[in-house]
Amino acid sequence: MSVQAVAEHPVSRCVAEVAASLAAVRDVDAAYLPAAAHRDALVELTRLAGQLEELRMGVIDAAGGPGGLAQDDGARTSAAWLASRTLTGYGAARRAELLASAVSQRWGRVGEALADGRMRVEQAHVIVKALDDLPTDEVDADVLDRAEAHLVALAETYEPRKLELLASRILEVVAPEHYDELERQALERAQRRAHNATRLTIHPRGDGASDVKARVPDAVASRLRTLLEAWTSPRHAASSGDISGRDPATGARLTQERLMGLAFCSLLESVDPARLPVHGGASTQIVITIDLEALRSGLGHGTLATSGDRETPVSVGEVRRLACHAGIVPAVLGSRSEVLDLGRSSRLFSPAQRRAALVGRHTCAGQGCTIPATWCEAHHRRNPWSRGGTTDLDDLEFLCRWHHQRAHDPTYTTERLANGDVRFARRT
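Computed from a prediction, not measured in an experiment: that's the story for all the values here.

Basis of the calculations
- Residues numbered from 1 in each chain as written.
- Predicted model: local features only at pLDDT ≥ 70, side-chain atom pairs only at ≥ 80, totals over all residues.
- Heavy atoms only, no water.
- Core = buried A, V, L, I, M, F, W, Y, C linked by side-chain atoms within 4.5 Å.
- Buried < 20%, exposed > 50% of the residue type's maximum accessible area, 1.4 Å probe, protein only.
- Helix = DSSP H or I, 4+ residues; strand = E, 2+ residues; numbered from the N terminus.
- Contact = heavy atoms within 4.5 Å.
- pLDDT = per-residue confidence, 0-100.
- Pairing = 2+ DSSP bridges.
- Expected span 1.5 Å × (residues − 1).
- Salt bridge = Lys/Arg side-chain N within 4 Å of Asp/Glu carboxyl O.
- 1 Å grid on protein atoms, 1.4 Å probe; cavity = no way out; pocket = protein on both sides within 12 Å on 5 of 7 lines; lining within 4 Å.
- Points joined across faces, edges and corners; volume = space filled by probe spheres on them.
- Nonpolar A, V, L, I, M, F, W, Y, C, P; charged D, E, K, R; others polar.
- Axes fitted to C-alpha atoms, helices over the stretch in contact; angles between N-to-C directions.
- Parallel < 35°, antiparallel > 145°, perpendicular 65-115°, else oblique.
- Arc of directions from axis to C-beta.

## Some points on the nonpolar core
Next, step 1: Core analysis: the biggest nonpolar cluster contains 34 residues, and Val-110, Met-119, Ile-127 and Leu-151 have the highest contact counts within it.
Next, step 2: Within the residue set of this core, elements represented by two or more residues are helix H6 (90-105), helix H7 (108-116), helix H8 (121-132), helix H9 (141-154), helix H10 (160-167), helix H11 (170-174) and helix H12 (176-197).
Next, step 3: Per-element accounting of this core gives the leading share, seven residues, to H8.
Next, step 4: Apart from the residues within four sequence positions on either side, Leu-151 is in contact with Ile-127, Ala-130, Leu-131, Leu-163, Ala-167 and Ile-170.
Next, step 5: Counting 17 residues, the second-largest nonpolar core is a separate cluster that includes Phe-349, Cys-364, Ala-365 and Phe-424.

Here it is as structure tokens:
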């Protein structure tokens, strides 16, 4: 094909005209547009951008076909070819390539709506995904056709997020007689995919914290959110001025993300080890090793044994707090590193003791704290176990995680009030 013939192709002429038009307004200040023209320009440019993208996707789709430029230049796909020459990144190019293939091979109405300016690219992605997720082997072609037509019509009224919600129930509209059975099958497929995709990784950051990344089924995520929100208790905090959602150093209100992270820590500590699988010949327990002198003086640190040969250092205050938990076994070492005392779950507050203590105390003992006692940690009120205290019922005190940390924090003083509340104050 000659250079002149290429130049005369309608797509080539369009590209040249668009380039010329953009060059003509490159140095024009849009701030001087009259208000009415400003409004019209914004709406029209958005519509034109969608039409231009539909044209670009058509070229992308042609580039990847038999005899297309991707094959001519030795590229695996048109997305790979485009990404390497435009420096836009493979992900963006691949996303455009997949949408181009979908509208040219399967969902022609979506492509027509894009070309006419009746649909935006973001809406097209939503609709194509919803249509591709339909059980095409179980739904008649007529149902699929009605579904596409209905969603294209909705795109003229609804933005992508709302459109996604409507698209998720499209079969209920276009095939109500089959909806229940098809929905059941779709949910079962989604559950199988979610089960197969379930993952969890833990990466130590090297700064005293670890990143936990997980992918779990939606039902599990909803259950986890419900459990964590029980600890964050935003409604309690908002109505009563509860300070458990405040930073212990500054008193500033913590963000919801920080509260959820702290709640996750509390959730793990609340797990009953007696109900966990046997691990290494005994019920699952965590062992913290610490020197006796460090435990007495508050100086130094302990180590928490984790998987493999890893050990995590923890402060003395944290050791004392964790020693109040069933299933947290403190291994106290003497001057020659011999084991002086290996705590046993029977020496810690039992479920029966907790139930008995709940009769007289319904909230955290921290002054003004409204966190329910059932969510709280059991604390040795008079003498901590680490200092020879006994695990008697009259020594049990309920403290939420935040106040329990203050109880073992040497920078705070503790005052017990006549009504049984505990007042904490930073040392001056």
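## Observations concerning the confidence of the model for the chain
Next, step 1: A residue-level look at the chain finds 72% of positions with pLDDT of 70 or above and a mean pLDDT of 76.
Next, step 2: In this model, residues 278-284 is a region of pLDDT below 50 whose contacts with residues beyond four sequence positions or in other chains number five contacts.

## Here's the deal with the pairing of strand S13 (residues 422-426)
Next, step 1: When strand S12 (residues 412-416) meets S13, the two strands line up antiparallel, connected through five bridges. Following the sheet pairing, Thr-413 is matched in S13 by Ala-425.
Next, step 2: The antiparallel hairpin formed by S12 and S13 contains five residues in its connecting segment, where Gly-420 sits at a positive phi of about 95 degrees.

## Brief notes about the environment of His-362
Next, step 1: Note on placement: His-362 falls in the loop between helix H18 (351-358) and strand S10 (377-380).
Next, step 2: On a C-alpha basis, the gap between His-362 and Ala-373 in space is 5.0 Å, while along the polypeptide they are 11 residues apart.

## Looking at H12
Next, step 1: With 22 residues, H12 ought to run about 32 Å at 1.5 Å a step, and its terminal C-alpha atoms sit 31 Å apart, in line with that.
Next, step 2: Listed as buried for H12 are Tyr-179, Leu-182 and Gln-185.
Next, step 3: Where the residues of H12 are buried, they touch H11.

## Concerning the pattern of salt bridges
Next, step 1: Applying the stated criterion across every chain yields a total of 16 salt bridges.
Next, step 2: Across the pair Arg-26 and Asp-27 runs a salt bridge, and its minimum N-O distance is 3.9 Å. Each of the two residues, Arg-26 as well as Asp-27, counts as exposed.
Next, step 3: A salt bridge links Arg-94 to Glu-97; the nearest nitrogen and oxygen atoms lie 2.6 Å apart.

## Considering the layout of surface pockets
To locate leftover empty space, one rolls a probe as large as a water molecule over the atoms.
Next, step 1: For the second largest pocket, the calculated volume is near 950 Å³.
Next, step 2: If you trace the second largest pocket, you find 27 residues lining it, with Lys-129, Asp-133, Ser-168, Ala-190 and Arg-193 closest to the centre.
Next, step 3: Sorting the residues of the lining of the second largest pocket by element identifies H8, H10, H11, H12 and helix H13 (218-232) as the ones contributing at least two each.
Next, step 4: The residue inventory of the lining of the second largest pocket, partitioned by class, reads 16 nonpolar, three polar and eight charged.

## Things to note about the packing of helix H3 (residues 35-63) against H6
Next, step 1: Running from amino to carboxyl end, H3 crosses H6 at an angle of 90 degrees, the nearest separation of the two axes being 8 Å. Taken together, the axes of H3 and H6 lie roughly perpendicular to each other. Only Ala-96, Glu-97, Leu-99, Ala-100, Ser-101, Ser-104 and Gln-105 of H6 make contact with H3, whose side of the interface consists of Glu-53, Arg-56, Met-57, Ile-60 and Asp-61.
Next, step 2: Among the residues forming the contact of H3 with H6, the class breakdown is five nonpolar, three polar and four charged.

## Digging into unusual backbone geometry
Next, step 1: One non-glycine residue, Leu-87, adopts positive backbone phi at about 60 degrees.
Next, step 2: Counting through the fold element by element, Leu-87 comes out in the loop between helix H5 (78-86) and H6.
Next, step 3: By relative accessible area, Leu-87 is classed as exposed at 75%.

## Brief notes about H7
Next, step 1: What H7 keeps buried is the set Val-110, Gly-111, Ala-113 and Leu-114. Projected down its long axis, H7 shows its buried positions confined to an angular sector of 160 degrees, all on one face.
Next, step 2: Those residues of H7 that are buried are in contact with H3, H6, H8 and H9.

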